[in-house]
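Notes for the structure review
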Amino acid sequence: LWLALLRSFLRPMTYLIIIAVPVILFAFSLYPLISSFKGRWHGDSFQDKMMRLWSLLPSAGAFMWIYLFIKARHSVEQGLEILTFGCKVLAESPALILVGFASLAANIAWFWIWLIMFTRVFLEGHWIMDSKNLFVPDATSWWLGAFYFLMLMWTQSVISGVQRATSGATISQWYFHRLSNPAISSRTVVSASFVH
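No experiment lies behind these values; they were computed from the predicted model shown.

Quick look at the overall build of the chain now. Secondary structure assignment for the chain yields 8 helices and 2 strands. The C-alpha atoms of the chain give a radius of gyration of 26 Å, which is well past the 16 Å a tight globule of 196 residues would have. Taken over the C-alpha atoms alone, the chain extends approximately 75 × 55 × 25 Å along its principal axes. Split into buried and exposed, the 196 residues of the chain put 23% on the buried side. Sequence separation of at least 24 residues holds for 60% of the intrachain contacts in the chain that already meet a minimum separation of 6. Surface summary for the chain: the accessible area is close to 14600 Å², and the carbon and sulfur share equals 73%. For the chain, the centre of its 14 positive side-chain charges and the centre of its 8 negative side-chain charges are spaced 10 Å apart.

Below, the structure written as structure tokens:
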């Protein structure tokens, strides 16, 4: 649904997001500001004063968003053109969408497998029964925990790299050979890119 909306209504959706973010941030600023005067103490308590102070953060974010948009409005147009080009590529090569979902599924599956392994190995330790009950992981498992963390990052980087390489090869083939006859199916191009 998001891709279909992005393809059909790219500019209106982008400008809707650009307008909606400061409006929402300003609303997040108004609610605590108004609520701080409605309490039992009528704005005189410490909590009311802190609510008024912290309500300035979302409004500052709204003004910063507007300033950054005005400053980078030409970059927004370039980004819209890149998104339009990307939607055109995805429309003509729908198997790339499956690559994205497969990459997402692989990342999620690997993370859960890693989390199960990590908790089984790294959360080995003992309880210290002093004034407080405290669980302390064994000193020998810290290095193993660091290794597991690096293994998680490396494997997710490999999955991301395979996705980027497959997408890059598919887009390259589309760019240089999209007008050739006979036309090659999207699934064939993506599978050849993945194997490469």
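That covers the picture; the talk isn't over yet.
Once that is clear, we can look at the packing of helix 6 (residues 95-122) against helix 7 (residues 140-177). The contact between helix 6 and helix 7 brings their axes to 10 Å, and the two run at 175 degrees. Accordingly, the angle class assigned to the pair helix 6 and helix 7 is roughly antiparallel. Considering only residue class, the contact of helix 6 with helix 7 consists of 18 nonpolar, 11 polar and no charged.

The next thing to look at is the packing of aromatic side chains. Applying the stated criterion across every chain yields a total of 6 aromatic pairs. Aromatic pair Phe85 and Trp174: ring centres 5.5 Å apart, planes at 65 degrees, arrangement edge-to-face. Separated by 89 residues along the polypeptide, Phe85 in helix 5 (residues 73-92) and Trp174 in helix 7 bring together distant segments of the chain. Three or more aromatic residues joined by ring pairs form one cluster here, namely Phe111, Trp112, Trp114 and Phe118.

Glancing now at the environment of Pro182. Counting through the fold element by element, Pro182 comes out in the loop between helix 7 and helix 8 (186-195). Under the relative-accessibility criterion, Pro182 is labelled exposed at 68%. Residues Pro182 and Val89 lie 93 residues apart in sequence; the distance between their C-alpha atoms is 18 Å.

Criteria and thresholds
Residues numbered from 1 in each chain as written. Predicted model: local features only at pLDDT ≥ 70, side-chain atom pairs only at ≥ 80, totals over all residues. Heavy atoms only, no water. Helix = DSSP H or I, 4+ residues; strand = E, 2+ residues; numbered from the N terminus. Rg over C-alpha atoms; globule rule 2.2 N^0.38 Å. Buried < 20%, exposed > 50% of the residue type's maximum accessible area, 1.4 Å probe, protein only. Contact = heavy atoms within 4.5 Å. Areas by Shrake-Rupley, 256 points an atom, 1.4 Å probe, with all protein chains shown as cover. Lys, Arg positive; Asp, Glu negative; His and termini not counted. Charge placed at Lys NZ, Arg CZ, Asp CG, Glu CD. Axes fitted to C-alpha atoms, helices over the stretch in contact; angles between N-to-C directions. Parallel < 35°, antiparallel > 145°, perpendicular 65-115°, else oblique. Nonpolar A, V, L, I, M, F, W, Y, C, P; charged D, E, K, R; others polar. Phe/Tyr/Trp six-rings, centres within 6.5 Å; stacked < 30°, edge-to-face > 60°.

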